[in-house]
Amino acid sequence: MNVMNLKKSREFITGKAAAPLMERLYQAEAEANVKRYLSVIDGYERKFGEGEVLLFTSAGRTEICGNHTDHNHGKVLAASIDLDCVAAAGLNQSSKVRIVSETFDQDFEIDLNDLEPSKRHAGTVDLTKGIMKAFINSGYEIGGFNAYVSSNVIASAGVSSSASYEMLICSMLNELFNDGRIDVVAFAHAGKYSENVYWNKGSGLMDQMACAVGGLISLDFNDPLSPTVERVDFDFAKTGYSMIMVQTGKGHADLSEEYSSIPNEMKAVAAFFGKEVLSECSEDELIDRVKEVRESCGDRAVMRAFHYFEENKKVDGAVAALKAGDFEKALSYVKASGNSSWKYLQNTYITGAVKEQGIPVALALTEIYLDKIGAGACRVNGGGFAGVIQAFVPEEKAEEYAAYMDKALGEGSAHIMKIRPVGAACINRLCE
């Protein structure tokens, strides 16, 4: 991969070679996003001076169906979205990694000889260290580099701003030090390792895989070391629907315990049957011995296990419907997935903070609206407990629905998004 000096990088991103890719990634927003890349090149020059760089992108993601199944080796239907992290990055011939994020006003340096996590096990520095350590553990090369990063992936919005950043760093390490030979499954494992070990967060692989692979994809984590990834050949743009994310307000509590309780309780049910994860068990045996499991693991764990088994069926149904071109049927599975998350998985609010129920309020408002127009679906998106819901609304009603939710929850709560075909990648390589 040939790096370019800053002048040639500007000419490249504004020229004919990159134009088709910009339109493919950003559609009507292509011109605005070219300016974003120019901005990161300018930022790189201000911070690091002249040099040679490559340009990178890493998408945000949304799950369409398959809420909290990946960590127990289940199934997910997910997609990358047209919000992303972008960066200019180049070698600095040292043992230091220097990263500037203009979005979050961060400027930090990591010594590659000291990759231990901090005592807090939190923050961007720890997350970045964890990715570096994961690459070393896997036998890949790392080294010193400079990067200037900008992101429009909305933080705390259930579209995986952290996973998008992780996959961006993986793309840089891949191109700058490993000749672009590492596949995106390895990217995802590096991100998962970093979150699990350097953040003490019991996350699975779904966020990272959806950010890294790109497009509309079906994921089966039955073999977590080599998950099955299938691109779903379906043109969402032709459905007549808009996908809208609604921020319901950031919760005031630390949600780490709530997030971790879901995989932990599911795995407790699996352990009852002598297994590690629920993918190794069956719903029939759970039903057959439900009295004993309730006594051993508690009722909420049983309900969450039911969600896992039923959610996998919904993913299969939604994928089959999309392959058959039946989007309305696919939406019925999306709606059922949301109901299961609310009733069985129980991740729409914190039981110890019942006065704060932003997600249920947003879902109720949306269900009332969709019932009135007789179309669409909605569901909790991402980890849950606080944050974001996802709604599919007829295109002609999208602006009206967004205004309706903005009025109820605050200006700027609703975001109309598109699915994009590329996940995490080096822009220069994509244009070869």
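Cut-off values and rules
Residues numbered from 1 in each chain as written. Predicted model: local features only at pLDDT ≥ 70, side-chain atom pairs only at ≥ 80, totals over all residues. Heavy atoms only, no water. 1 Å grid on protein atoms, 1.4 Å probe; cavity = no way out; pocket = protein on both sides within 12 Å on 5 of 7 lines; lining within 4 Å. Points joined across faces, edges and corners; volume = space filled by probe spheres on them. Helix = DSSP H or I, 4+ residues; strand = E, 2+ residues; numbered from the N terminus. Nonpolar A, V, L, I, M, F, W, Y, C, P; charged D, E, K, R; others polar. Buried < 20%, exposed > 50% of the residue type's maximum accessible area, 1.4 Å probe, protein only. Phe/Tyr/Trp six-rings, centres within 6.5 Å; stacked < 30°, edge-to-face > 60°.

**A closer look at empty space enclosed by the protein**
All told, the structure shown has 1 cavity of 30 Å³ or more when counted by the stated rule. By volume, the largest cavity amounts to about 90 Å³. In terms of lining residues, the largest cavity is bounded by I64, L77, L216, F234, F236, L322, F327, A330, L331, V334, F392 and I419. If one sorts the elements of the lining of the largest cavity by residue count, helix 12 (residues 327-345) sits on top with 4 residues. Of the residues that constitute the lining of the largest cavity, the class distribution is 12 nonpolar, no polar and no charged.

**Considerations on the layout of surface pockets**
For the second largest pocket, the calculated volume is near 460 Å³. Every residue lining the second largest pocket is counted, 22 residues in all, and those nearest its centre are F234, D235, F236, A237 and I419. Secondary-structure elements contributing two or more residues to the lining of the second largest pocket are helix 2 (19-26), strand 9 (241-247) and strand 12 (414-417). The greatest single-element share of the lining of the second largest pocket, amounting to 3 residues, is contributed by strand 9. Looking at side-chain class alone, the lining of the second largest pocket contains 11 nonpolar, 3 polar and 8 charged residues.

**Some remarks on the environment of A28**
The residue A28 is located in the loop between helix 2 and helix 3 (30-48) in this model. Note on A28: relative accessible area 76%, which makes it exposed. Spatially, the C-alpha atom of A28 lies 46 Å from that of E283, the residues being 255 residues apart in sequence.

**Examining the packing of aromatic side chains**
Summed over all chains, the structure comprises 16 aromatic pairs. Look at F145 and F177: their rings are 6.3 Å apart centre to centre, the planes differ by 55°, and that puts the pair in the tilted class. One end of the pair, F145, is in strand 6 (residues 145-151); the other, F177, is in helix 5 (residues 161-177), and 32 residues separate them in sequence. Its relative accessible area of 0% is what places F145 among the buried residues. Geometrically, the ring pair formed by F236 and F392 is edge-to-face, given 5.9 Å between the ring centres and 70° between the ring planes. Of this pair, F236 sits in the loop between strand 8 (228-231) and strand 9 while F392 sits in strand 11 (residues 388-394), and the two are 156 residues apart along the sequence. Judged by its relative accessible area of 2%, F392 is buried. Taken together, the ring pairs in this structure connect F234, F236, Y241, F327 and F392 into an aromatic cluster.

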